[in-house]
Amino acid sequence: MNTEKVTARRLTTEEVSELNLQDSIFVSAEMDGLPLDCYAPAFLAKPGKNFEGGSFTARTIFGKEIHILPDNTEERGIWVADETGEEIEVLQSAGVLLNLALFVPNGNKESLESLYTAAREAFGVGIVQRWNEEVIPVPDVKVDLYEEPTRGRKSTSSQIRDRRALDIYPTRVRFMEPSDGWRFILEPHKDVIDDTPTI
């Protein structure tokens, strides 16, 4: 386990409530019930000023979301780097996990193996791993992708829409997420025809 010693101090609830989303903090590195006797770099999921008596929500750089009451002595609390503080062990990153959706035109098993081999050569044998492989033929059809509010008045014919992407394959939509409060609308792709008269 790769850790480094960081000098930090524990924050009180009042101090955490003054933090913004950009402020770097340290929280417990516990993952999925696995007790780790160290901390992880993190950021608040909501500005501290939005604290209303519940627990603060922090998201570690490893994607783990935890809820913390800073003043609770039974919890590890929230820490911030401070030269006048005490030393804590902070978990370091071992690398970056890429979730890739690769589109290979006229792809076959040989072309996929070539991609895998090239990645192993670039990063080293034993480093690149295929955890989950799903080979799906992509239909030769494209759609237009829109977003619209999830709570729109049904009586209105003109919904507020935001064009997110054009010429997108339906299978790619599975790897995208709509904005908060919005949902995706798929429509058959229509080429934009310019009817402007020309001389």
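Our subject is the structure listed above.
Given the structure is predicted, the values throughout are model-derived calculations rather than measurements.

Quick notes on the overall build of the chain
Part 1: Scanning the chain from terminus to terminus reveals three helices and ten strands.
Part 2: Mapped in sequence order, the helices and strands of the chain form the string β-α-β-β-β-β-β-β-α-β-β-α-β.
Part 3: With respect to the principal axes defined by its C-alpha atoms, the chain has extents near 75 × 55 × 40 Å.
Part 4: Here the chain, with 199 residues, has 25% of them falling under the buried criterion.
Part 5: Looking at the chain alone, contacts between residues at least 24 apart form 58% of all its contacts between residues at least 6 apart.
Part 6: By element, 50% of the accessible surface of the chain is carried by carbon and sulfur atoms, the whole surface being about 15,000 Å².

Topic: helix α2 (residues 109-123)
Part 1: The end-to-end C-alpha distance of α2 is 21 Å, a good match for the 21 Å that 15 residues give at a rise of 1.5 Å each.
Part 2: Positive phi shows up at Gly124, right after α2, with a value of about 110 degrees.

Structural notes on a nonpolar patch on the surface
Part 1: A contiguous nonpolar surface patch, about 410 Å² in accessible area, is contributed by Met31, Leu34, Phe43, Ile61 and Phe62.
Part 2: Structurally, the position occupied by Phe43 is in strand β3 (residues 39-44).
Part 3: For Phe43, a relative accessible area of 32% translates into the label partly exposed.

Some thoughts on the packing of aromatic side chains
Part 1: Summed over the entire model, instances satisfying the criterion amount to one aromatic pair.
Part 2: Geometry around Tyr39 places Arg76 over its ring, the cationic atom sitting 5.7 Å from the centre.

Overview of the environment of Phe43
Part 1: For Phe43 and Asp180, which are 137 residues apart along the polypeptide, the C-alpha to C-alpha distance reads 20 Å.
Part 2: In this structure, Phe43 is in contact with Leu21, Gln22, Asp23, Ser24, Ile25, Ala58, Arg59 and Ile61, ignoring residues within four places of it in sequence.

Points about the pattern of salt bridges
Part 1: Using the criterion set out here, one finds six salt bridges in the structure.
Part 2: Residue Glu89 is joined to Lys5 by a salt bridge in which the shortest nitrogen-to-oxygen separation is 2.6 Å. Residue Glu89 is found in strand β7 (residues 86-91), and its partner Lys5 is found in strand β1 (residues 3-10); the two are separated by 84 residues along the sequence.
Part 3: Given a relative accessible area of 55%, Lys5 falls into the exposed group.
Part 4: Between Arg9 and Glu15 there is a salt bridge, with its nearest N and O atoms 3.0 Å apart.
Part 5: Classification of Arg9 by relative accessible area gives partly exposed; the value is 31%.

Quick look at the side chain of Glu147
Part 1: Relative to the elements of secondary structure, Glu147 occurs in strand β8 (residues 143-149).
Part 2: The exposure class of Glu147 is buried, given its relative accessible area of 3%.
Part 3: Engagement of the side chain of Glu147 in a polar contact is seen with the backbone nitrogen of Ser179, the distance being 2.7 Å.

With respect to the side chain of Ser28
Part 1: Residue position: Ser28 is located in strand β2 (residues 25-28).
Part 2: A distance of 3.3 Å separates the side chain of Ser28 from the backbone nitrogen of Glu30, its partner in a polar contact.
Part 3: The residues contacting Ser28, other than those within four sequence positions of it, are Cys38, Tyr39, Ala40, Ile66 and Arg76.

Re the pairing of strand β4 (residues 56-60)
Part 1: Extensive coverage of β4 is indicated by the burial of four of its five residues.
Part 2: As paired strands, β3 and β4 are joined by three bridges and run antiparallel to one another. Among the inter-strand pairings, Phe43 is bridged to a residue of β4, identified as Arg59.
Part 3: As paired strands, β4 and strand β5 (residues 65-68) are joined by four bridges and run antiparallel to one another. Opposite Ala58, over in β5, you have Ile66 as the bridge partner.
Part 4: Between β4 and β5, which follow one another and run antiparallel, lie four residues, and Gly63 among them has a positive phi close to 85 degrees.

What counts, and at which threshold
- Residues numbered from 1 in each chain as written.
- Predicted model: local features only at pLDDT ≥ 70, side-chain atom pairs only at ≥ 80, totals over all residues.
- Heavy atoms only, no water.
- Helix = DSSP H or I, 4+ residues; strand = E, 2+ residues; numbered from the N terminus.
- Buried < 20%, exposed > 50% of the residue type's maximum accessible area, 1.4 Å probe, protein only.
- Contact = heavy atoms within 4.5 Å.
- Areas by Shrake-Rupley, 256 points an atom, 1.4 Å probe, with all protein chains shown as cover.
- Expected span 1.5 Å × (residues − 1).
- Patch = residues over 30% accessible without salt bridge, like charges linked within 9 Å, V, L, I, M, F, W, Y side chains within 5 Å.
- Salt bridge = Lys/Arg side-chain N within 4 Å of Asp/Glu carboxyl O.
- Phe/Tyr/Trp six-rings, centres within 6.5 Å; stacked < 30°, edge-to-face > 60°.
- Lys NZ or Arg CZ within 6 Å of the ring centre and 35° of its normal.
- Polar contact = N/O pair within 3.5 Å; in protein donor to acceptor, adjacent residues only side chain to side chain.
- Pairing = 2+ DSSP bridges.

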